[in-house]
Amino acid sequence: MPNDLDPRPLNERFDLRYVHRRTWPKNAIFWSSVIAMLVTGGVLATLSVRRDQAIYSSGELATAHAMFSTDCAQCHQPSQDGDYWLPVRDQACLSCHSAEAHHPHRSNHVTLNAPTGDRLGHAAMDVNCAVCHTEHRGLDHNLSAVADSFCVQCHGDLHRWRREPAPPYPHRQPSVEPTEEGPTANPILAFNHPNPLGSHPEFRVVSKQTPRIDTTLIRFEHHAHMDPQKPGMQDALKKWVAQLEAEGMTHDQIPVVRANGMLNMSCAACHVPDDAGRYMLPIVYEKHCQQCHTLGNSTYGEPVPHGQAIASFVDALAARKLYEQAAKQAEAAKPTTPATGPRPGPTPGPRPGPKPGPRPGPRPGPRSDAGAQPTSIQLASSNIAVITALAQPRPGPRPGPKPGPSRTDTSNNVKPSITPAQHFEFERATISRSLAEQKCIKCHIQLIDVPKPKRPRAGQAPPKLESVDLKSTDLSKIDWRKVKPKAIDWSLVDNARIEWAKVDWRTIHASGWSLLDPRIPDRWMPRSIFDHNAHAALQCASCHAGAEADAPEPESYPATKLTWKLRPTGRTRQIMMPSIDDCRKCHHPPNRTSHGARDGCVTCHTYHDSRAPGLAGHRHTPPAPPARSNISRFLNE
Amino acid sequence: MLIDRKHTPWFFVTLLLSVATVALYLWDAPNHPSGPAGNTVLGIVFGSVALAIMLFLVALGLKRRVPHWRLGSAASWMRAHIWLGLLTPLLVALHGAFKLGGTMTTVLWLLLAVVWLSGVFGLLLQQALPTMLRHSVRQETVAQQLGRELDSLILLAEGKTQTMGKRIRVVTSGIVQRCVGLSLHETVPPLEGDALDDKAVAALVKRNDPIPGAEPIRRFYLDEVRPFLRGDTRAKLNDLSSSEAMFESVRTSSPTHLHKSVDQLETLCQRRRELLRQRMLMRLLMTWLFVHAPLSWALVLGSIVHGIIALRY
């Protein structure tokens, strides 16, 4: 400014203390900052006083836990020391949930699987429930729908984690030929991965890379049962349908297919889902087979039972035969016996005395009650000891003058007789073989030619059967002929991954004829879960192809000597489980043509090992899922 | 503060830190099946670093209150404030895995967004307004002197008086007394309190003789210039074009030897317009701080509480 305009001296023209003076904007900013902090602090303090902690929640709880949304302490509990920090501990989850144990390969929980935990270290992960089941992800978040990334963490590179064979799984494996052990070592990055090498491999049970056949110990061919033109099929089906109609089933409920004036079995005739509709119930002879495949009667006219009852039935037949032999011998010895005096010689079986026949009274026998012949079962139920007592040689010197070789009396330096137990075992083996050849072998598979039982020789001790601890014994050194069949825990056999056929062979050999478990697996893919009800809209054959009468002969499978004997035809070798490609028709990520069904790992697999003790120390019994409505049920309702 | 070459190191440091943190995030993400989150080790590290940076950023306001402390130059602090402030949202985003989270974190995100955007807005203003100020205000003064400068304009026009009780003493004479012959009696501003004693004024103030031909200037001053210099926002002289036309009209109607006084009055008016423009621009330059500073403190306080609560649960 020109001086002539402003004649004031400089010290008057400027405020020399302006530095110390705060202008109003700065003051306003300062006080607004103070107010902002006070407001923020006030709001937070008010919420703290009101114990309203919802503002700190990182997100809405899932619907299942929505009732805890205002009560953080339900899950965020202090430790036993009562410290300040409140992370979600497993105990909070286990107070309501009975969680199963963790996968033994991934668990580093010290109380569950310490060796595995030490082996993998903490590189795998910690095992807190909240690690996988993450909360605060919204109302619609499915806590059990664990992301694939959790599985891929190990299965994306199993070679890295598998440093020892797979751990034992105490459940029954499908009856398939032994192959490589443990889960697949292929890297699995997703069920449908852009890179085929990272996708889920073909199901092992139907994989063509490791072909295997149905080695269930039962003679069965779907094709034969689905052929309406098979001789006798129509008569049998008509009879069955008539029976079902008599039982009150409606026309639509009877599981047969009517086409071209002929009846044919439908899949539902044998395969019935469980109450939840998830899995098919086991095939039971009495329900599904007996209608057409009766076992007939024994030589005594009694119906031959099926299943475990055959053991006591055979015992009964053997006992009855022994009894009759004893009675016959006693009857034959009666006329030659003097009225007084001792018997001329020792006779095995019948008791000495004035009346060699069976005593009247409670002892069973043909002469105890001439009007009521005891049945075989009744004889068996009276115990083998009765028969043994009947045939028991009398000790002491024989008073009779009849010379001859003595079979029991060693005091006269004669050879020992055949014991009643040997007799009984021989008869039982003979009857077993006879029944097996006439009845059992029609459906049950006989792996080897069982040698014909030899009549026991005098003085030959029966083989002593032993129990073997399969877990601790070197299996290659076991003499299987001395192993009690019942001593074998099949699940342990599976776990030890023995060549099961070998075990079966030895078992049969050791016991003569034994009741063979046909080993029909409850589930062919035991490591996965499935829900038939959810797939009710599909035809059975769309997944289980090959059962129809017009199904083509499956391609040839490599058949070893063993498998050839088990399954002589390609149809019987075929395992009618779906290929993974069948699943991928629907289960795939959304694309241009289809939204696709879920294809996450947890859709078919569960992580927790429900067979092992739970984290809470008790075995978890998963509740049966509620019965889901299917289409037909929906329409009917 | 203008972004100049002195910011180059900070630019590269910020860029390097950004790339490094993102690389760390991407490297660590596959290790967490449920995805990266704030409760992972790296997430907590990111959150802690972000909180530490926030504390440093708000410390700039405290540092200005103690300028005599040897804590580095204000320019250095401002450079660090700018570039670390730009980096903070990235760290917070990596900490939260690019998710809003719950109510608290969403509010914090909102606060951070407003604070960050207001800071960027302020930074842009700092780049543009000083240049604009330099071009539109020829004689810029410091903000604290603006009020005094505006008050001095009427003083220069009408002179300076001192009141001692009810007595008035002329200290300096203004333009209108010296050149226009305007009576001090007409120009002395009314005092608060009791009205002036006319006798005292008449005794103390020398009344100038009227200058021939100055009446148009005198009337123009009383009607237009004086209200404008006294802060009438509706005065026509607030508009530059109107001002030029009005002063030109006054010059036309007044003798030539008085044009110098008219020019001086026009200079005063122009000066006032410039000072008003400077005040407007400086207020605009400070406006964003009304949002930036308070919300920054609220953000820091909320972030501290969030950190404690999150670690606890």
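Residues numbered from 1 in each chain as written. Chains lettered and ligands numbered in written order. Predicted model: local features only at pLDDT ≥ 70, side-chain atom pairs only at ≥ 80, totals over all residues. Heavy atoms only, no water.

1. Let's talk about the overall build of chain B
Assigned secondary structure in chain B consists of eleven helices and two strands. The order of helices and strands in chain B, counted from the N terminus, is α-α-α-α-α-β-β-α-α-α-α-α-α. Among the 313 residues that make up chain B, the fraction classed as buried is 42%. When contacts within chain B are restricted to residue pairs at least 6 apart in sequence, those whose partners lie at least 24 apart make up 70%. (Helix = DSSP H or I, 4+ residues; strand = E, 2+ residues; numbered from the N terminus. Buried < 20%, exposed > 50% of the residue type's maximum accessible area, 1.4 Å probe, protein only. Contact = heavy atoms within 4.5 Å.)

2. Regarding the overall build of chain A
In terms of regular secondary structure, chain A is built from 22 helices and two strands. Within chain A, contacts between residues at least 6 apart in sequence are counted, and of these 63% link residues at least 24 apart.

3. So, the interface of chain A and chain B
Opposite the 47 residues of chain A that make contact, chain B presents 42 residues. Where chain A meets chain B, there are zero salt bridges. Here chain A is connected to chain B by four residue pairs in polar contact (both at pLDDT 80 or more). Elements with a contribution of two residues or more to the side of chain A that touches chain B: α1 (10-13), α2 (24-49) and α6 (148-155) of chain A. Looking at the side of chain A that touches chain B element by element, the count peaks at 13 residues for α2 of chain A. Along the lines of polarity and charge, the residues of the side of chain A that touches chain B split into 24 nonpolar, 13 polar and ten charged. (Salt bridge = Lys/Arg side-chain N within 4 Å of Asp/Glu carboxyl O. Polar contact = N/O pair within 3.5 Å; in protein donor to acceptor, adjacent residues only side chain to side chain. Nonpolar A, V, L, I, M, F, W, Y, C, P; charged D, E, K, R; others polar.)

4. Quick word on the packing of helix α9 (residues 215-229) of chain B against helix α11 (residues 259-312) of chain B
Residues and elements named next belong to chain B. For the pair α9 and α11, interaxial distance at closest approach is 11 Å and the crossing angle is 15°. When the axis of α9 is compared with that of α11, the two are roughly parallel. Remark: the crossing between α9 and α11 carries left-handed chirality. For the pair α9 and α11, contact is made by I217, Y221, V225, F228 and L229 and by V262, L265, L268, C269, R272 and R273, respectively. When its residues are assigned to classes, the contact of α9 with α11 shows nine nonpolar, no polar and two charged. (Axes fitted to C-alpha atoms, helices over the stretch in contact; angles between N-to-C directions. Parallel < 35°, antiparallel > 145°, perpendicular 65-115°, else oblique. Left-handed = near helix turned anticlockwise from the far one by under 90°.)

5. Quick look at the pairing of strand β1 (residues 256-259) of chain A
Residues and elements named next belong to chain A. Here β1 runs beside strand β2 (residues 262-265); their pairing, made up of four bridges, is antiparallel. When the sheet's bridge partners are listed, V257 is paired in β2 with N264. The antiparallel hairpin formed by β1 and β2 contains two residues in its connecting segment, where N260 sits at a positive phi of about 55°. (Pairing = 2+ DSSP bridges.)

6. Points about the packing of aromatic side chains
One pass over the structure, following the stated rule, counts six aromatic pairs over all chains. With 5.2 Å between their ring centres and 70° between their planes, F11 of chain B and F12 of chain B make a pair best called edge-to-face. Residue classification places F11 of chain B among the partly exposed residues on the basis of a relative accessible area of 37%. Counting every residue linked through ring pairs, the aromatic cluster contains F11, F12 and W83 of chain B. Lying across the ring of F191 of chain A, R584 of chain A places its NZ or CZ 5.1 Å from the centre. (Phe/Tyr/Trp six-rings, centres within 6.5 Å; stacked < 30°, edge-to-face > 60°. Lys NZ or Arg CZ within 6 Å of the ring centre and 35° of its normal.)

7. What to know about the pattern of salt bridges
All names here are of chain B. On inspection of all chains with the given rule, the structure shows eleven salt bridges over all chains. In this structure, D232 and R234 form a salt bridge, with 3.9 Å as the shortest nitrogen-oxygen distance. Look at R234 and you get exposed, because its relative accessible area is 74%. We note a salt bridge from R251 to D263, for which the minimum N-O separation is 2.8 Å. Taken as a pair, R251 in helix α10 (residues 240-253) and D263 in helix α11 lie far apart in primary sequence, twelve residues in all.

8. Re a positive patch on the surface
Taken together, the side chains of R22 and K26 of chain A together with R64 and R65 of chain B make up a positively charged region of the molecular surface. You can see R64 of chain B is positioned in helix α2 (residues 41-65). (Patch = residues over 30% accessible without salt bridge, like charges linked within 9 Å, V, L, I, M, F, W, Y side chains within 5 Å. Areas by Shrake-Rupley, 256 points an atom, 1.4 Å probe, with all protein chains shown as cover. Lys, Arg positive; Asp, Glu negative; His and termini not counted. Charge placed at Lys NZ, Arg CZ, Asp CG, Glu CD.)

9. Comments concerning helix α5 (residues 146-158) of chain B
Between its first and last C-alpha, α5 of chain B extends 19 Å over 13 residues, near the 18 Å set by a 1.5 Å rise per residue. Restricting attention to buried positions, one finds in α5 of chain B the residues L146, E149, L150, S152, L153, I154, L156, A157 and E158 of chain B. (Expected span 1.5 Å × (residues − 1).)

10. Details of the side chain of Q145 of chain B
Along the polypeptide, Q145 of chain B turns up in the loop between α4 (103-136) and α5. Relative accessible area serves as the criterion here: at 3%, Q145 of chain B is assigned to the buried category. Apart from the residues within four sequence positions on either side, Q145 of chain B is in contact with F14, D15 and Y18 of chain A.

11. A short note on the state of the cysteines
Residue and element names in this part refer to chain A. Per the stated rule, a full pass over the model turns up zero disulfides over all chains. Its sulfur unpaired, C292 is 8.9 Å from the next cysteine sulfur, which belongs to C289. With relative accessibility at 47%, the residue C292 sits in the partly exposed group. (Disulfide = S-S within 2.5 Å.)

12. Section: α2 of chain B
All names here are of chain B. Across its 25 residues, α2 extends 37 Å between first and last C-alpha, which sits within 8% of the 36 Å expected from 1.5 Å per residue. Along α2, the helix axis deviates most sharply at A59, where the bend reaches about 30°. When we look at burial in α2, the residues that qualify are L42, G43, F46, G47, A50, I53, M54, L57, V58, A59, L60 and K63. Of the surrounding elements, those touching the buried residues of α2 are α1 (8-28), α3 (74-95), α4 and α11. (Bend = angle between axes of the 7 residues up to and from the residue.)

13. Observations concerning a nonpolar patch on the surface
A cluster of nonpolar side chains, contributed by Y84 and W85 of chain A together with I44, L55, I304, I308 and L311 of chain B, occupies part of the molecular surface with about 610 Å² of accessible area. It is α11 of chain B that contributes the most residues to the nonpolar patch, three residues altogether. Tracing the backbone through its elements, the reader meets L55 of chain B in helix α2.

14. Structural notes on the confidence of the model for chain A
All names here are of chain A. Residues with a pLDDT of 70 or more make up 57% of chain A, whose mean pLDDT is 68. Of the regions scoring below 50 in pLDDT, residues 484-513 engages in 65 contacts with residues more than four places distant in sequence or in other chains. A low-confidence stretch, residues 614-625 stays under pLDDT 50, and its non-local contacts, those more than four residues away or across chains, total 23 contacts. (pLDDT = per-residue confidence, 0-100.)

15. Observations concerning the environment of D599 of chain A
Residue and element names in this part refer to chain A. With respect to the helices and strands, D599 occurs in the loop between α20 (580-584) and α21 (601-604). The spatial distance from the C-alpha of D599 to the C-alpha of D148 is 9.4 Å, given a sequence separation of 451 residues. Beyond its immediate sequence surroundings of up to four residues, D599 is in contact with D148, F191, N192, H587, H588 and P589.

16. Quick look at the side chain of R271 of chain B
Residue and element names in this part refer to chain B. Mapping R271 onto the fold places it in helix α11. Note on R271: relative accessible area 8%, which makes it buried. Among the polar contacts made by the side chain of R271, one reaches the side chain of E149 at a distance of 2.7 Å.

17. Examining the packing of α9 of chain B against α10 of chain B
All names here are of chain B. The interhelical angle for the contact between α9 and α10, taken along N-to-C directions, is 160°, at an axis separation of 9 Å. Relative to α10, α9 is oriented roughly antiparallel. As for the relative orientation of α9 and α10, their crossing is right-handed in sense. Along its contact with α9, which presents P216, I217, F220, E224 and V225, the element α10 presents M246, F247, V250 and S253. Looking at the contact of α9 with α10 residue by residue, the class counts come to seven nonpolar, one polar and one charged.

18. Things to note about the environment of M233 of chain A
Residues and elements named next belong to chain A. If you trace the backbone, M233 turns up in helix α9 (residues 233-246). For M233, a relative accessible area of 11% corresponds to the buried category. Placed 59 residues apart in sequence, M233 and C292 show a C-alpha to C-alpha distance of 9.3 Å. Among all residues touching M233, those that are not within four sequence positions of it are A224, H225, D227 and P228.

19. Some thoughts on unusual backbone geometry
Leaving glycine aside, a negative phi is the common case for residues, and trans is the common case for peptide bonds. Of note, the phi angle at H136 of chain A is positive, near 60°, even though the residue is not glycine. You can see H136 of chain A is positioned in the loop between α5 (129-132) and α6. Positive phi values are uncommon outside glycine, yet A97 of chain B reaches one of about 55°. Look at A97 of chain B and you get buried, because its relative accessible area is 8%.

20. Some details on the confidence of the model for chain B
Residue and element names in this part refer to chain B. A residue-level look at chain B finds 84% of positions with pLDDT of 70 or above and a mean pLDDT of 83. Confidence, expressed as mean pLDDT per element, reaches its minimum in chain B at helix α8 (residues 198-204) with 49 and its maximum at α1 with 95. Taken together, the stretch residues 190-196 has pLDDT below 50 and engages in nine contacts with residues farther than four places along the chain or on a different chain. Predicted confidence is poor over residues 200-205, with pLDDT under 50, and the contacts of this stretch with residues over four places away or in other chains come to seven contacts. Predicted as a complex, the structure gets a pTM of 0.60 and an ipTM equal to 0.79.

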